[in-house]
Every structure is written in structure tokens, then in C-alpha cells.
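# Inside the fold
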Amino acid sequence: MNKNYIYFDNSATTKIDQRVIDVMIPHIKTLYGNPSSLHMEGQKARRVIDTSREIIASYIGSDIQEIIFTSGGTESNNTVINGVAHALNKKGKHIITTSIEHDSILQPLENLKGFDITYLKPSKTGHIDLDDLKSKIRDDTILISIAYANSEIGSIQNIPKIAEIAHEKGVLVHTDAMQAAKYRDINIQNIGVDLMTFGAHKINGPKGIGALFIKRGTMIKPLIYGGSQEYRFRGGTENTPLIAGFAKAVELLQNEKMVRAKYVESLRDMFESGLQNYLKDIKINGGGERLESISNIYFRNISTETMIINLDMKGVAASAGSACSSLSLEPSHVLTSIGLSKDEAKHSVRFSFGHENTKFEIEKCIKIIRKIYGNQL
Ligand SMILES: *Cc1c(COP(=O)(O)O)cnc(C)c1O
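Residues numbered from 1 in each chain as written. Predicted model: local features only at pLDDT ≥ 70, side-chain atom pairs only at ≥ 80, totals over all residues. Heavy atoms only, no water.

## Remarks on the nonpolar core
Which entries qualify depends on this criterion: Residue types Ala, Val, Leu, Ile, Met, Phe, Trp, Tyr and Cys, when buried and joined through side-chain atoms within 4.5 Å, form a set referred to as a nonpolar core. Partly exposed describes any residue whose relative accessible area lies between the buried limit of under 20% and the exposed limit of over 50%, with all areas from a 1.4 Å probe on protein chains only and scaled to the type maximum. By the criteria applied, helices consist of DSSP H or I runs no shorter than four residues and strands consist of E runs no shorter than two, each listed in order from the N terminus. Contacts: residue pairs with any heavy atoms within 4.5 Å of one another.
Met196, Phe198, Phe246, Phe271, Phe299, Phe351 and Ile369 are the most contacted members of the largest nonpolar core, which totals 77 residues. A per-element tally of this core places helix H8 (residues 240-278) first, with 13 residues. Sequence-distant contacts of phenylalanine 351, defined by excluding residues within four places in its chain, comprise Phe8, Phe271, Ser293, Ile294, Ser295, Ile297, Phe299, Leu311, Ala318, Cys365 and Ile369. In terms of nonpolar packing, the next biggest core, distinct from the first, is built from 20 residues, Val80, Leu143, Leu195 and Phe233 among them.

## With respect to the side chain of histidine 174
This is how the line gets drawn: Two N or O atoms form a polar contact when they lie within 3.5 Å of each other; inside protein one atom must be a possible hydrogen donor and the other a possible acceptor, and for residues adjacent in sequence the pair counts only when both atoms belong to side chains.
Assignment of secondary structure puts histidine 174 in strand S6 (residues 172-176). One polar contact links histidine 174 to threonine 197, side chain to side chain, over a distance of 2.8 Å. Ignoring any residue separated from it by four or fewer positions in sequence, one finds histidine 174 in contact with Asn77, Val80, Ile105, Leu143, Ile144, Ser145, Ile146, Leu195, Met196 and Thr197.

## Considerations on the environment of lysine 91
Among the structural elements, lysine 91 can be located in the loop between helix H3 (73-88) and strand S3 (94-98). Relative accessible area serves as the criterion here: at 45%, lysine 91 is assigned to the partly exposed category. The contact partners of lysine 91, leaving out residues within four places of it in the chain, are Asp140, Thr141, Ile142 and Gly170. In terms of polar contacts, lysine 91 uses its side chain to reach the backbone carbonyl oxygen of glycine 170, at 3.4 Å.

## Describing the site of the ligand
Which entries qualify depends on this criterion: We call a residue near a molecule or strand as soon as one heavy atom of that residue lies within 4 Å of the molecule or strand. Each accessible area is a Shrake-Rupley estimate made with a 1.4 Å probe; only the visible protein chains count as cover when residues are assessed.
Neighbouring the ligand are the residues Gly72, Gly73, Thr74, Asn77, His102, Ser104, Ser151, Asp176, Met178, Gln179, His201 and Lys202. In the environment of the ligand, a nitrogen atom lies 2.6 Å from a nitrogen or oxygen atom belonging to the side chain of aspartate 176. In the environment of the ligand, an oxygen atom lies 2.9 Å from a nitrogen or oxygen atom belonging to the side chain of histidine 201. Within the complex, 86% of the 380 Å² of free accessible area of the ligand lies under protein.

## Examining the pairing of strand S5 (residues 141-145)
Looking along a regular strand, one sees the side chains alternate between the two faces of the sheet. Which entries qualify depends on this criterion: Only strands joined by at least two bridges in the DSSP assignment are considered to pair. Handedness rule for crossovers: strands pointing away from the viewer, path from the first strand over the helix to the second running clockwise, crossover right-handed.
Most of S5 is tucked away, with five of its five residues classed as buried. Two elements, S3 and S5, share three bridges in a ladder whose sense is parallel. Bridged to isoleucine 95 within S5 is leucine 143. Bridge analysis of S5 against S6 gives three bridges, and the strand direction is parallel. Looking at S6, one finds that isoleucine 144 is bridged to valine 173. Regarding the hand of the β-α-β motif, the stretch spanning S5, helix H6 (residues 159-168) and S6 is right-handed.

## Side note on helix H2 (residues 40-60)
This is how it is decided: To estimate the expected span of a helix, subtract one from its residue number and multiply by 1.5 Å. In this description, one arc is meant: the one made by directions from the helix axis to the C-beta atoms.
If you check H2, its first and last C-alpha atoms are 31 Å apart, about what 21 residues at 1.5 Å a residue would give, namely 30 Å. Within the sequence span of H2, burial applies to Gly42, Ala45, Val48, Ile49, Ser52, Arg53, Ile56, Ala57, Tyr59 and Ile60. Axial view of H2: buried residues confined to an arc of 160 degrees, hence all on one face. Of the residues in H2, the exposed ones pointing more than 90 degrees away from the buried face are Met40, Arg47 and Ser58. Where H2 is buried, its residues touch helix H1 (18-29), strand S2 (67-70), helix H7 (188-191), strand S7 (195-199), strand S8 (210-214) and H8. Two residues or fewer after H2 comes glycine 61, characterised by a positive phi angle close to 75 degrees.

## Here's the deal with the sheet that holds strand S12 (residues 348-352)
To keep it simple, the criterion reads: Between the N-to-C directions of two axes lies an angle of 0 to 180 degrees, each axis being a line fitted to C-alpha atoms and, for a helix, fitted only over the stretch in contact.
Within the open sheet, the three strands sit side by side as S9-S10-S12. Their pairing is antiparallel. Looking at strand neighbours, the two that pair on one side only are strand S9 (282-284) and S12, the edges of this open sheet. Looking at each pair of strands side by side, their axes are set apart by 25 degrees on average, direction ignored. Sheet topology note: the S9/strand S10 (residues 294-299) ladder contains three bridges and is antiparallel. Bridging across to S10, isoleucine 282 finds its partner in phenylalanine 299. The strands touched by H8 are S9, S10 and S12; relative to S10, the strand with the most contacts, the crossing angle is about 15 degrees. Across the sheet, helix H9 (residues 304-313) lies against S10 and S12, angled at about 40 degrees from S12, the strand it touches most.

In C-alpha cells:
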């Protein structure tokens, strides 16, 4: 990416940290043994995976056997939906989720045969009502899956409380923590979930690697059958370079998370108050308890596409919301779920910040937006 390009799309993916790259390179170039091989080169690779798993398990407060490496958030989410449905369909065929989940939860749910799915509707700020959740649990409910932080508006759900409610009724609870992992506590001793999705490329690690936390004893079947890798739960030769990079990204996050969160929040606040000072007919979508890094803005006089294209021409990367659905003409399901009209949703843009961004970039972006907006009036 060009040095002067302003990257405000950190919820789609983040810049890989140089220290992560440095850790990965030897595993690509020289340490290429298969971790399942008995010879010395295989065993070297095996040790890298063991050490990485220890770092990650320690970060989330789990046992090492409770961490399964996957190809990322999408695979972890697909594994949860299909794996729990497959393991527990004799107990019941009802699953509770929300209408603002990532497509990697919504799509596998839509493709389950014979299941009844309840989609909780969030408030205007994107939060789930706990009494509503409680009232929707039935005798045949087998799983509650709710994202910790939403990727488009950043709303944070009260996962510890949701886990408590689920467990009172003997229901498994999963959270997609792909976004929340960046700035929030994802220690499973504190949040109490049975299953948790998280991954590397949203925390300055490499793409194509993630993990699924599975609490010991949880009823779930594999998605990918094969060899004996990953405790026989996920077959396929382990991707040693990516696993080592993932662990390094987690290690760096552990040390720097609080500082990053505070800094990114200050950028976000500066951005929003700056825009509000100059442009009177904009609105911040969502609100309340939300992730520090996301600002989703409704611009009355300019469409999402026009704004993104104009920003891009002036050297700013922003987004329509979910990267996976940005090419579709449909308005964001998250924005319409929190009460925006289709038209409002098609006039909204997500800016997502990272700790590499600067106050100078925020100021510059505000100026660019004022100029784009001025030209439209
Ligand atoms: C990015 C993201 C995913 C998908 O993760 P991939 O690793 O890109 O497959 C799932 N859920 C949320 C909330 C995300 O932000």
C-alpha cells in the first residue's frame, strides 16, 4: 500500500505487523517439515505448533487441548453451526442467533436442513435485549450464537450475561470474537462461553488462520474430517508459518492491547466530533457500548458508493460495511436491522481505525469528506 494512502478499513483486515512477518519467514523458507513426520525436521515444526498453541491458550485462559486451529473466522463459525447441529440434533433443532451476525454465521444457518432459527432483533444501538433472549429459549434450543462485537457498527454484547442465561437453561453458547479480540477481554474464564471464534488477520496477523475454542466436553462434530491433526478434530497438514504468525500477533496484542484501544478510541472520537462540527446532516449509526475502532456514518446527501469511490480517488480506504457483501447492491442487513431505512443504509459508510493511523490522517480525511460533501450540495 502507498505510504500516503490512508487506510481506514481495519475492520475488513489489518496490516500485518513486521514482527509477525519476521517470525513467519523461517517457517516458510527452511523449517518446512511436516509436523506429523517423526524425523527431526518434522518434530521442529511440531514444537512450533505446540508453543504457538500454548501462547494462544494462555491468552484466552483455556487448556491447550481446547484450541483448534482453523483457516479463519469463516471456518470456525461454519464448524460451530454445522458441528453442534450435527452432534445435538437428537436433543433439539432450535438455534438462537441475531439478525446482525456475520454472513459466516447466517449462511450456514440458512443451509441447515430442518432447523428452526430464531433471529433476535437488536435495539437502535445494535444491542440484544437479555429478557428477549431469555424468553426465546425453548426446550429444544441447542445453541445460542451471538457475536461479541459487530463488524459494521461495533456494538458489544454482554457475553458473560448471555452465557449465564444460556447455561441456566443448559444451552451451549458460542461467540464470534473476530472483531472483539482486538480491544476487549476474550479470556474465556471471564466471558464463560463454550465455543469462541477468533483469528489472526483482524489483529495484525496473517490471513487464512484462526482458531476455535471448544470447552472440554462440548458436544460438537468436526467440519473437516481427515488425519489425526488438531486432536482429530480438523484434518489437514498444519500451516506452521501461519500458526507461528498468529501466536506472535497474539503475543504482541497481549502487551499492547490497552494502549492501542485508548489511542484508537481517541482517533475515533476526534473523527466523529470533527465531522459533526462541520456537517450538520450526518448521523452516527449505532452507539452505546461499542468497539473503539469503528465509526459508521450516515451521510444524507451522498450514497455509499459515491462516497467510497470519491474517498478512494483522494487516497482514503473506507468501506460499505462487511467486505464480503460490499459488491452486492443490497443494503447492509446490520444497518436495516437497527432501524435504518434501505435508503439510509445506502448512504452509510464504515470507517475503521487501527493503531497505525495518525491524528494527521484523521484531520486530512475530515477535510476530504468536507470537500466531497461540498461538491454534492
Ligand atoms: C472478519 C470476520 C469474520 C470472518 O473471518 P475470516 O477469517 O475473514 O474468514 C467473521 N466474523 C466477524 C465478526 C468478522 O469480523
